[in-house]
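# Summary of structural features
So you can see what is in the structure, the chains are spelled out below.
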Amino acid sequence: MAKKSLGDSIPLHPRTWGWWIFVGVAWLFFQPISIRTSRVWGRKVAHLLKRISPRRFNVIRRNLELVFPDMTTNARESLAMRNLEETMAGYFEAAYILLCGYSSVTSNCEIRGRETLDAALAKGKNVLLIGAHFTCLESCGCVLGKDAPVDIVHRRQNAVVGNYLILRHRRRLFASVIDRDDRIGLIKAFADKTRQRIVWTGPDQDMGHQRSVFVPFLGVEKAATLKVTSRIATRYDMTAVFVEFSYQEDDQKWIVQYRPIDNYPTGDQTKDATTLNRVIGESVQKNPDQYYWIHRRFKSLEDGTVRKY
């Protein structure tokens, strides 16, 4: 039996009442402002967060030290601050979308490389749409969901009210939302031949030693990288396509770009993980301030120990 998602019913337990009050206050806050203004507020909050809770900023700083070792200290510090600003802007964007809708995003967006997805679909196979964790993930996800009937893999949030709101939003937007921990549901989606599926997954985070191979990612020679991604594409004969998300500040547009992944999968999990990290790395280098560096991307070391952040 598929695991029941925490977002299937409205959480009304007394323990959630404080969260609902917070949601109500946030809803009132967002009503008179635009999503662009919410981004401005997110950037302002980033500077406050750095002062009162520097731990997350230090994670960003450490990640950048590892991936850009040749960058000067001042340049890295500036990039780390811009990344924290973009991260908080992304959080405020997401909150705005959950509470006020996504029309302001989908009316100010651009889709590039759609011919790549069309070519993949023309093969008649299910498509494995591989993404990465960019700071504008939720906003560009709205663009993606309006562009194609995508099934997404969802990681349940610990905060049940937040999880409920995110699931409610994503179920309205995407063809289906599959719980990451629902193994049977995932297999059914990958193997489904009743309709052509486009399944999005973001395999770019460190998920520990047992599930990973250690291959290069930007300036890190041995980065824990999920090996299951290419195995899925091979086993279920899926065509792999990469999708890149970004926010263009000058034009105030959210950009979704489809890109082919050459020679993938090959059946060699180490080679395939290296290829995927190269594609993601090339994307990150375009806008290094818009990647989710606040995640401890390099915590797992090849010898079985954990890197201190």
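Residues numbered from 1 in each chain as written. Predicted model: local features only at pLDDT ≥ 70, side-chain atom pairs only at ≥ 80, totals over all residues. Heavy atoms only, no water.

Glancing now at the packing of aromatic side chains. According to the stated counting rule, one finds 12 aromatic pairs in the structure shown. Consider the rings of phenylalanine 217 and tyrosine 291, whose centres lie 6.3 Å apart with planes at 55°: the pair is tilted. In this pair, phenylalanine 217 is assigned in strand β6 (residues 212-217) and tyrosine 291 in the segment after α11 (269-286), connecting sequence segments 74 residues apart. By relative accessible area, phenylalanine 217 is classed as buried at 1%. Ring geometry for phenylalanine 217 against phenylalanine 298: centres 6.1 Å apart, planes inclined by 40°, an arrangement best described as tilted. Of the two residues, phenylalanine 217 sits in strand β6 while phenylalanine 298 sits in the segment after α11, which places them 81 residues apart along the sequence. Comparing phenylalanine 217 with phenylalanine 298 shows no difference in burial state: the two are buried. (Phe/Tyr/Trp six-rings, centres within 6.5 Å; stacked < 30°, edge-to-face > 60°. Helix = DSSP H or I, 4+ residues; strand = E, 2+ residues; numbered from the N terminus. Buried < 20%, exposed > 50% of the residue type's maximum accessible area, 1.4 Å probe, protein only.)

Glancing now at the packing of helix α1 (residues 17-30) against helix α8 (residues 160-173). Two numbers describe a pair of packed helices, the interaxial angle and the distance between the axes. Across the interface, α1 lies against α8 with an axial gap of 9 Å and an inter-helix angle of 50°. Here α1 is positioned oblique relative to α8, judged by the angle of their axes. Residues Trp19, Trp20 and Val23 of α1 lie in contact with α8, whose contacting residues are Val161, Tyr164 and Leu165. Split into classes, the residues belonging to the contact of α1 with α8 amount to 6 nonpolar, no polar and no charged. (Axes fitted to C-alpha atoms, helices over the stretch in contact; angles between N-to-C directions. Parallel < 35°, antiparallel > 145°, perpendicular 65-115°, else oblique. Contact = heavy atoms within 4.5 Å. Nonpolar A, V, L, I, M, F, W, Y, C, P; charged D, E, K, R; others polar.)

Looking at the protein, the pLDDT average stands at 94 and 97% of residues meet or exceed 70. Within the model, the stretch residues 1-6 combines pLDDT values under 50 with 14 contacts to residues more than four positions away or in other chains. (pLDDT = per-residue confidence, 0-100.)

Okay, the nonpolar core next. Leu129, Val150, Phe245 and Trp293 are the most contacted members of the largest nonpolar core, which has 81 residues in total. Sorting elements by how many residues they give to this core places helix α4 (residues 73-100) first, with 10 residues. In this structure, valine 150 is in contact with Leu129, Leu144, Phe174, Ala175, Ser176, Ile198 and Trp200, ignoring residues within four places of it in sequence. (Core = buried A, V, L, I, M, F, W, Y, C linked by side-chain atoms within 4.5 Å.)

Two cysteines form a disulfide when their sulfur atoms are joined by a covalent bond. Tallying each qualifying case throughout the model produces 0 disulfides. We note that cysteine 109 lacks a disulfide partner, and the nearest cysteine sulfur, in cysteine 140, lies 8.6 Å from it. With a relative accessible area of 25%, cysteine 109 lands in the partly exposed category. You can see cysteine 140 has no disulfide; the closest cysteine sulfur is in cysteine 136, sitting 3.7 Å from it. (Disulfide = S-S within 2.5 Å.)

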